[in-house]
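Coordinates in review
Here is what each chain is made of, one letter per residue.
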Amino acid sequence: MAKHSLAVIVLAAGQGTRMRSGLPKVLHPVAGLPMLRHVLNAAAALKPERKVLVLGRGMEAVAKAFAPIAVAVQDPPLGTGHAVQAAMPALKGFKGDVLVLYGDTPLLTADTLKKLVAARRSKTEPAVVVSGFRPADPAAYGRMIQDAKGNLDAIVEFKDCTPEQRAIGFCNGGMMLLDGARLPALLKKLDNNNAKGEYYLTDLVHLARAKGWACRAVEVSEIDVMGVNNRAELSIAEGHMQARLRLAALESGVTMTAPETVYLRVDTKLGRDVTIEPHVVFGPGVEIADNVIIRAFSHIEGARVASGATIGPYARLRPGAEIGADAHIGNFVEVKQARIEQGAKVNHLTYIGDARVGAKANIGAGTITCNYDGYSKHHTDIGANAFIGSNSALVAPVKVGDGALIAAGSTITQDVPADALALGRGRQETKPGLAARLRAQLAAQKLKAKSKK
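Before going into details, it helps to say that this report is about the structure given with it. Source: prediction; values computed, not measured.

Conventions adopted
- Position numbers for residues start from 1 in each chain and track the written sequence from start to end.
- Where totals are concerned, whole chains, interfaces and linings use all residues; where local detail is concerned, this predicted model gives features only for residues with pLDDT of at least 70, and gives and counts side-chain atom pairs only at 80 or more.
- Values shown for side chains rest on all heavy atoms present in the structure; no hydrogens or waters enter the calculation.
- For the exposure calls, accessible area comes from a 1.4 Å probe over protein chains only, and a residue counts as buried if that area is under 20% of its type's maximum, exposed if over 50%, partly exposed in between.
- For helices the rule is a DSSP run of H or I covering at least 4 residues; for strands it is a run of E covering at least 2, with both sets numbered from the N terminus onward.
- Residue contacts are counted whenever heavy atoms from the two residues lie within 4.5 Å of one another.
- Two rings from Phe, Tyr or Trp (for Trp, the six-membered ring) form a pair when their centres sit within 6.5 Å of each other. Planes less than 30 degrees apart are called stacked, planes more than 60 degrees apart edge-to-face, and all others tilted.
- In this scheme, strands are said to pair when DSSP sees at least two bridges between them.
- Cavity: a set of points on a 1 Å grid over the protein atoms alone where a 1.4 Å probe fits but cannot get out. Pocket: an open set with protein on both sides within 12 Å along at least five of seven lines, its lining residues, like those of a cavity, having an atom within 4 Å of a point.
- Grid points are joined across faces, edges and corners, and a volume is the space filled by probe spheres set on the points.
- Charged means Asp, Glu, Lys or Arg here, nonpolar means Ala, Val, Leu, Ile, Met, Phe, Trp, Tyr, Cys or Pro, and polar covers whatever is left, Gly included.

Next up on the list: helix H3 (residues 80-87). All of the buried residues along H3 are Gly81, His82, Ala83, Val84 and Ala87. On its buried face, H3 is in contact with strand E1 (6-11), strand E4 (50-55), strand E5 (70-73), strand E6 (97-102) and helix H6 (183-188).

And the structure:
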């Protein structure tokens, strides 16, 4: 085993009662991913050899969501130190570094974790490295007690602090990196002689110091170690994550005229010189190529948009939408499981589902591909350069050939050959003067009714 191999323990046994939810706390999403997934993704940058999730009783949904990661069950929960003790059987024989993280800290970054690793692997090789931060309001956080040289001597939980210790502004950030070879000896010494009657992981610091082993504190950003305990904090975490994602997009060459109104997902892929107008929402699985314009109030999920296309305003691209180069998807247009090929235009008030729209085809306002018969979905194929007149219904399965023209107001139930004109509407009848006679009759009826009063 390499001297600096790494294992990761993620503590996620909390029931999250303050979330008031049937969903386990660590599965609540931030920017489209469960909080716990964000934590594991940050840790993955360190290439750990082993990973262990510490869960509480009845958290099978979490174990299933993150299988095949090893799971240790903490039952009953007796504190963070007890949680790490519960994980140790899964690390039997492991002598490398052990990183302890928390499943409700979705803003954690790989760069922050690398700071802890650098401190642990410094010349002094501290037995314990702890993240610390300096909040504007230290509130009830545990305090980091350091000596005159800046070495970490102890972490004291707020309830156990003296008035002098509560005046310290450097607080415990939670994350710890431990020497796995020395960790078992420290865990054996833990006790619950404190205000909460729990086994504190933070007590490992003073236990290590009692053995003459060095301990270090690494200052990190308050945002990186922010925990989520309720819906209000979840919304704050979402806001911070969105700010990060927007900044990354702007720095990559995306223009946003009102970035604070644009909502992204972690997996949103945006090309260079993309322009995003206000109030655009990205769902999961979106890929936008270079030079695309996304106009205001559009909603996009599970879709791919090729270079030069224009989307919106007020467009909705649903999963399976593939928009070709230089295509136009206009206002109040919905596209689902359909391919709109190069240069095609779907500009107004239209639903295109389970379909192909050929290159440079033009789809008129109010067109509907009638893809569902109540039992199954069916496909509509519209050829290149076809023209579909306004307010047409294409009843799938149906094929409209290249260059075909569908007259406005038609209901098309049969295939239309290439370059043909198809009409599928009732015959118009015109009755000269009838409108005037009807108006006169109505006026006479109103006058008669009034005279009876």
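The final tally for this structure, using the stated rule, is 3 aromatic pairs. Summarising the aromatic geometry, the rings of Phe133 and Tyr141 are spaced 5.0 Å apart at their centres and angled 85 degrees between planes, so their arrangement reads as edge-to-face. Classification of Phe133 as buried rests on a relative accessible area of 3%. A centroid spacing of 5.0 Å and a plane angle of 15 degrees characterise the contact between Tyr314 and Phe332, whose relative ring orientation is stacked. Placement of the pair is Tyr314 in the loop between strand E20 (310-311) and strand E21 (316-317) and Phe332 in strand E23 (residues 328-340), with a sequence separation of 18 residues. By relative accessible area, Tyr314 is classed as partly exposed at 40%. Residue Phe332 is classed as partly exposed on the basis of its relative accessible area, which comes to 47%.

Our next topic: the pairing of strand E24 (residues 345-357). Of the pairings in the sheet, the one linking E23 to E24 comprises 10 bridges and is parallel in character. The residue of E24 that forms the bridge with Arg339 is Arg356. Two elements, E24 and strand E25 (residues 362-363), share 2 bridges in a ladder whose sense is parallel. Its bridge partner being in E25, Val346 is matched across the sheet by Ile363. In terms of strand pairing, E24 meets strand E27 (residues 380-382) through 3 bridges, oriented parallel. Each residue of the ladder has a partner; that of Ala355, found in E27, is Thr380.

Take Ile406: it is sitting in strand E31 (residues 405-406). Of the residues examined, Ile406 reaches a relative accessible area of 0% and is grouped as buried. It is 8.8 Å that separates the C-alpha atoms of Ile406 and Ser390, two residues lying 16 residues apart in sequence. Apart from the residues lying within four places of it in its own chain, the contact partners of Ile406 are Phe387, Ile388, Gly389, Ser392, Val400, Ile412, Val416 and Ala422.

Below, the discussion takes up the layout of surface pockets. A probe as big as a water molecule, rolled over the atoms, marks out the empty space that is left. Roughly 1800 Å³ of volume is contained in the largest pocket. What lines the largest pocket is a set of 48 residues, among which Arg18, Thr80, Tyr102, Asp104 and Asn229 lie closest to the centre. Among the elements of the structure, H3, strand E10 (171-179) and helix H8 (231-251) are those that each provide at least two residues to the lining of the largest pocket. Among the residues making up the lining of the largest pocket, the classes are represented as 19 nonpolar, 18 polar and 11 charged. What the second largest pocket holds in volume is close to 230 Å³. Every residue lining the second largest pocket is counted, 13 residues in all, and those nearest its centre are His38, Met241, Arg244, Leu245 and Val266. Counting only elements with at least two residues in the lining of the second largest pocket, the list comes to helix H1 (35-44) and H8. The element that contributes the greatest number of residues to the lining of the second largest pocket is H8, accounting for 4 residues. For the lining of the second largest pocket, the residue count by class is 9 nonpolar, 3 polar and 1 charged.

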